[in-house]
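# Fold and geometry: a report
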Amino acid sequence: MTGIVQIVVRGLSWLALIASVSAKGDALRPRADVSACKLAANNDIYLSAGFGYELNCAPSIGTLSAFMIFVDFDDQGAIETPQSLHDFFLPAAAEWYATSSYGALTLNVTADTSRFYRMPAAASSYGWERGLSYETHQVYIQDALDAYGKTIPPTDVLYVVPTANASAISFSPTFMGDVETRAGVYVAKKSVTFGLDAYRTWKYLVLNHETGHTMCLPDYYPFNGSATGLFIGGWNLMGLISGPSPDYFAWDKWRLGWLSDEQIECVAEAGSSTHMLTPLEKAGGSKAVVIKHNSTNALVAELRTADSLDLASCSTGVLLYTVSTMTATGEGPVRVVDATPTSGGCAGDRLNDAPLSLNGTSSYTSRDWGIKVTVVTQTGDGVEISVEVS
């Protein structure tokens, strides 16, 4: 059909990945099956950061299919073409997923760029404010589907893209319920409704942030109005979208199926061990050491470098963060550990230089949890760390 554009970005070949450990680590490691570190999600906690969360999540491996429509309003009509807005997001956002997932996820977006579809109500009438209710959001989506007036084959995600002239549609939330027409026809598992913040502030990466929600990733920024980087600085775009190190955490990638169990080292009992880590930004090798504190909390160590999606990183090294499956989205389910608390940070946030490194602070001790992590050696190919659990 005229005006229909389909974008498919296929990732790199999936590699057989083998975690490497030192002979010393083999001798001393408190051995644990990696399943011991797969903290289970609590489905009573909204977007719990554990494994097995159930909310009809969009697929995170294989193909995530989406359909994109473009809308404008009587009071805020389009001043651009649908194709220009399509190109604002794609193929860049799809390429981001191909890179971050090491080729495990293909974002396949079909877009009707033939025209803008006029919404039945003024943009100013939709009450588009933070805290937008489920019902108000649903009305907007169903109005967009009514305006579109055509059958959309069932898909994973519906993207609703307004004209950049629609200043009243100020931000870009994700609708987390099933998407249906007013007649009850199923359309999608989730919907992302873009807004002015995409065009003015976050650019195409807002699609990667919001599509992360469709795969049931939580928000890592605080909902209480505190600084966006309060919990994690700029280390993951599920927090600060424009941060210098936007790639997903290794914990996220493991949950999403982008990292295999063989790429994760699990420590679940007292003792000393050594582990090799390779850069998160590159495919292959061991990507994280998960140190289990209890059934709902863990400390994770991963190696971050100024490469690929994290090219703008202002600090590199072994990043430490805690994971809590009992903490809801927006309340700090993941919190970066600041190994350099007196440094003042970099790139506008105190946590952006948090990693351990032989070039600076090389060891961190959590007395409350009885864990000590130390960088032993580092090369261009990776680092060796020691873990002591008392």
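The structure reproduced in this document is the subject of the present report. (Residues numbered from 1 in each chain as written. Predicted model: local features only at pLDDT ≥ 70, side-chain atom pairs only at ≥ 80, totals over all residues. Heavy atoms only, no water.)

## Points about the pairing of strand 15 (residues 363-366)
A regular strand places its side chains on the two faces of the sheet in alternate fashion. Rules: Strand pairing requires that DSSP identify at least two bridges connecting the strands. Under the scheme used here, helices are H or I runs from DSSP no shorter than 4 residues and strands are E runs no shorter than 2 residues, and both carry numbers assigned from the N terminus.
With four bridges connecting them, strand 15 and strand 16 (residues 371-379) associate as antiparallel partners. Considered in strand 16, the bridge of serine 366 is made with isoleucine 371. Connecting strand 15 to the antiparallel partner strand 16 that follows it, the hairpin turn spans four residues, and glycine 370 within it adopts a positive phi of roughly 70°.

## Some words on the sheet that holds strand 15
Strand pairing in a sheet is mediated by backbone hydrogen bonds. Such pairs are either parallel or antiparallel. Rules: The axes are straight lines fitted to the C-alpha atoms, using for helices just the contacting stretch, and the angles between their N-to-C directions are given from 0 to 180°.
Reading across the sheet, the four strands line up as 10-17-16-15 and stay open at both edges, with antiparallel pairing between neighbours. The open sheet has two edge strands, strand 10 (271-277) and strand 15, and neither has a second partner. Neighbour to neighbour, the strand axes of the sheet diverge by 15° on average, direction disregarded.

## Observations concerning helix 6 (residues 205-214)
Operational definition: Only protein chains enter the accessibility calculation, which uses a 1.4 Å probe; a residue whose area is less than 20% of its type maximum is buried, one above 50% is exposed, and one in between is partly exposed.
With ten of ten residues buried, helix 6 lies mostly within the body of the structure. Among all positions in helix 6, only Leu205, Val206, Leu207, Asn208, His209, Glu210, Thr211, Gly212, His213 and Thr214 are buried. Backbone geometry just after helix 6 places cysteine 216 at a positive phi near 75°.

## Details of the state of the cysteines
Rule in force here: A pair of cysteine sulfur atoms is labelled a disulfide when the two atoms are within 2.5 Å.
For the structure on display, the rule yields three disulfides. Each sulfur in the disulfide pair cysteine 57 and cysteine 216 lies 2.1 Å from the other. Across the disulfide from cysteine 57 to cysteine 216, rotation about the S-S bond amounts to roughly -100°, and the bridge is consequently left-handed. Here cysteine 216 lies in the loop between helix 6 and helix 7 (250-256) and cysteine 57 lies in the loop between helix 1 (23-28) and strand 2 (62-72), a separation of 159 residues in the sequence. The buried category is assigned to cysteine 216, whose relative accessible area is 1%.

## Quick word on the pattern of salt bridges
This is how the line gets drawn: One speaks of a salt bridge when a side-chain nitrogen belonging to Lys or Arg is within 4 Å of a carboxyl oxygen belonging to Asp or Glu.
Overall, the coordinates contain eleven salt bridges when judged by the stated rule. Residues lysine 38 and aspartate 261 are paired through a salt bridge, measuring 3.1 Å at the closest nitrogen-oxygen approach. Residue lysine 38 is found in the loop between helix 1 and strand 2, and its partner aspartate 261 is found in the loop between helix 7 and strand 9 (264-267); the two are separated by 223 residues along the sequence. You can call aspartate 261 partly exposed: its relative accessible area is 29%. In this structure, arginine 182 engages aspartate 146 in a salt bridge whose closest nitrogen and oxygen atoms are separated by 2.5 Å. On the criterion of sequence distance, the pair formed by arginine 182 in the loop between strand 7 (179-180) and strand 8 (186-193) and aspartate 146 in helix 4 (residues 134-148) is long-range, its members being 36 residues apart. Put simply, Glu281, Glu302, Arg304 and Asp310 are held in one network by salt bridges that share partners.

## Quick word on the packing of helix 3 (residues 92-100) against helix 6
A pair of packed helices is captured by two measures, namely the crossing angle of their axes and the spacing between those axes. Rule in force here: Comment on the angle field: the value is read as roughly parallel under 35 degrees, roughly antiparallel over 145, roughly perpendicular from 65 to 115, and oblique elsewhere. The handedness criterion is simple: a crossing whose near helix is rotated anticlockwise from the far helix by less than a right angle is left-handed, and one whose near helix is rotated clockwise is right-handed. Note on contacts: a residue pair is in contact if any heavy atoms of the two residues lie within 4.5 Å.
Their axes nearest at 8 Å, the elements helix 3 and helix 6 cross at an angle of 55°. What the angle tells us is that helix 3 and helix 6 run oblique. Judged by the twist between their axes, the crossing of helix 3 over helix 6 is right-handed. In this structure, helix 3 contributes Ala93, Trp96 and Tyr97 to the contact, and helix 6 contributes Leu205, Leu207, Asn208, Thr211 and Gly212.

## What to know about the packing of aromatic side chains
Formally: Centres within 6.5 Å make a pair out of two Phe, Tyr or Trp rings, where for Trp the six-membered ring is used; the pair is then stacked when the planes are under 30 degrees apart, edge-to-face when over 60, and tilted otherwise.
Within this structure, the stated rule accounts for 24 aromatic pairs. Measuring from ring centre to ring centre gives 6.2 Å for tyrosine 97 and tryptophan 258, while their planes differ by 75°; the resulting arrangement is edge-to-face. In this pair, tyrosine 97 is assigned in helix 3 and tryptophan 258 in the loop between helix 7 and strand 9, connecting sequence segments 161 residues apart. Each member of the pair, tyrosine 97 together with tryptophan 258, is buried. Ring geometry for tryptophan 128 against tyrosine 140: centres 4.5 Å apart, planes inclined by 50°, an arrangement best described as tilted. Placement of the pair is tryptophan 128 in the loop between strand 4 (117-118) and helix 4 and tyrosine 140 in helix 4, with a sequence separation of twelve residues. By the burial criterion, tryptophan 128 is buried, and tyrosine 140 matches it.

## Topic: the environment of serine 315
Note on placement: serine 315 falls in the loop between strand 12 (297-304) and strand 13 (317-324). Residues serine 315 and threonine 155, spaced 160 residues apart in sequence, show a C-alpha to C-alpha distance of 40 Å. Ignoring anything within four residues of it in the chain, the contact list for serine 315 reads Trp235, Cys346, Asn352, Asp353 and Pro355.

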